[in-house]
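One-letter residues, chain by chain:
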Amino acid sequence: MARSSSGIVAGLTVTALAVVGFLGYQASASAPAHPAKAAPPAAAAPSPVPSAHAGDEAKPVAVPNASGTGSRVVYSVSLKRVWLVGEGGQEPKSFAVKPSTAHPKPGTYLVNSRSGAVTGSDGVPIEHVVRFATADGVVVGFSARVDGQMPEPDANKKTGGIRMTRADGDAMWAFATINSKVVVVP
């Protein structure tokens, strides 16, 4: 009994999709939980580290007290700022962020998932998504908009994206791998 050409094409398509799905699964299953931390791209200039006092640009903003020890991301909700604190002796990278409308409670969290590029809960394309908490039923994480903008979030929507510049998003992506510590302070 001869099969029609459309039946053969459909069978080949199903087989191809199954193979691609299996290979994708194998790649994700064999990927390291902690990929090697890449240096930030040479073209990405570090963000300026503004001071806590207006007009005093010479002094960097200190990492908040009671934010833990060791390698960690520190996120201050009230200061709208993040610090990437490496191992002892390194100057932490610090930058301003635009908080989401859903705020995680103060405490220590672990990075539990990451995505290279997705659509944010506000409907815009984002990259370098580093998720670590849930607040008000919304997943909370750091990300950068692909278009580079950092508008205020819509107060009428529950969103969990703590937004940063694309250069700062690159630094966050390289620093905060799965199971990295994130400390949220008021």
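About the thresholds
- Residues numbered from 1 in each chain as written.
- Predicted model: local features only at pLDDT ≥ 70, side-chain atom pairs only at ≥ 80, totals over all residues.
- Heavy atoms only, no water.
- Pairing = 2+ DSSP bridges.
- Helix = DSSP H or I, 4+ residues; strand = E, 2+ residues; numbered from the N terminus.
- Axes fitted to C-alpha atoms, helices over the stretch in contact; angles between N-to-C directions.
- Contact = heavy atoms within 4.5 Å.
- Buried < 20%, exposed > 50% of the residue type's maximum accessible area, 1.4 Å probe, protein only.

Reading across the sheet, the five strands line up as S3-S2-S1-S9-S4 and stay open at both edges, with mixed pairing between neighbours. Single-partner strands in this sheet number two, and they are strand S3 (93-96) and strand S4 (107-110). Neighbouring strand axes in the sheet, compared pairwise and without regard to direction, differ in orientation by 20° on average. With four bridges connecting them, strand S2 (residues 81-85) and S3 associate as antiparallel partners. Across the sheet, residue Leu-84 finds its bridge partner in S3, namely Lys-93. Sheet contacts for helix H2 (residues 166-175): strand S1 (72-76), S2 and S3; angle to S2, the most-contacted strand, approximately 40°.

Moving on: unusual backbone geometry. Of note, the phi angle at Ala-66 is positive, near 60°, even though the residue is not glycine. Its place among the elements puts Ala-66 in the loop between helix H1 (5-30) and S1. Phi is positive for Lys-80, which is not a glycine, with a value near 55°. Its place among the elements puts Lys-80 in the loop between S1 and S2. The class for Lys-80 is partly exposed, based on a relative accessible area of 41%.

Let us look at the sheet that holds strand S6 (residues 125-135). Read from one edge to the other, the open sheet built from four strands follows the order S5-S6-S7-S8, with strand pairing classed as mixed. The sheet is open, and its two edges are formed by strand S5 (113-119) and strand S8 (161-164), each paired on a single side. Strand-to-strand twist across the sheet, computed as the mean angle between neighbouring axes with direction ignored, equals 30°. Note: S6 against strand S7 (residues 138-145), seven bridges, orientation antiparallel. Across the sheet, the residue bridging to Ala-133 is Val-140, located in S7. Sheet strands touched by H2: S5, S6, S7 and S8. Its angle to S6, the strand with the most contacts, is close to 60°.

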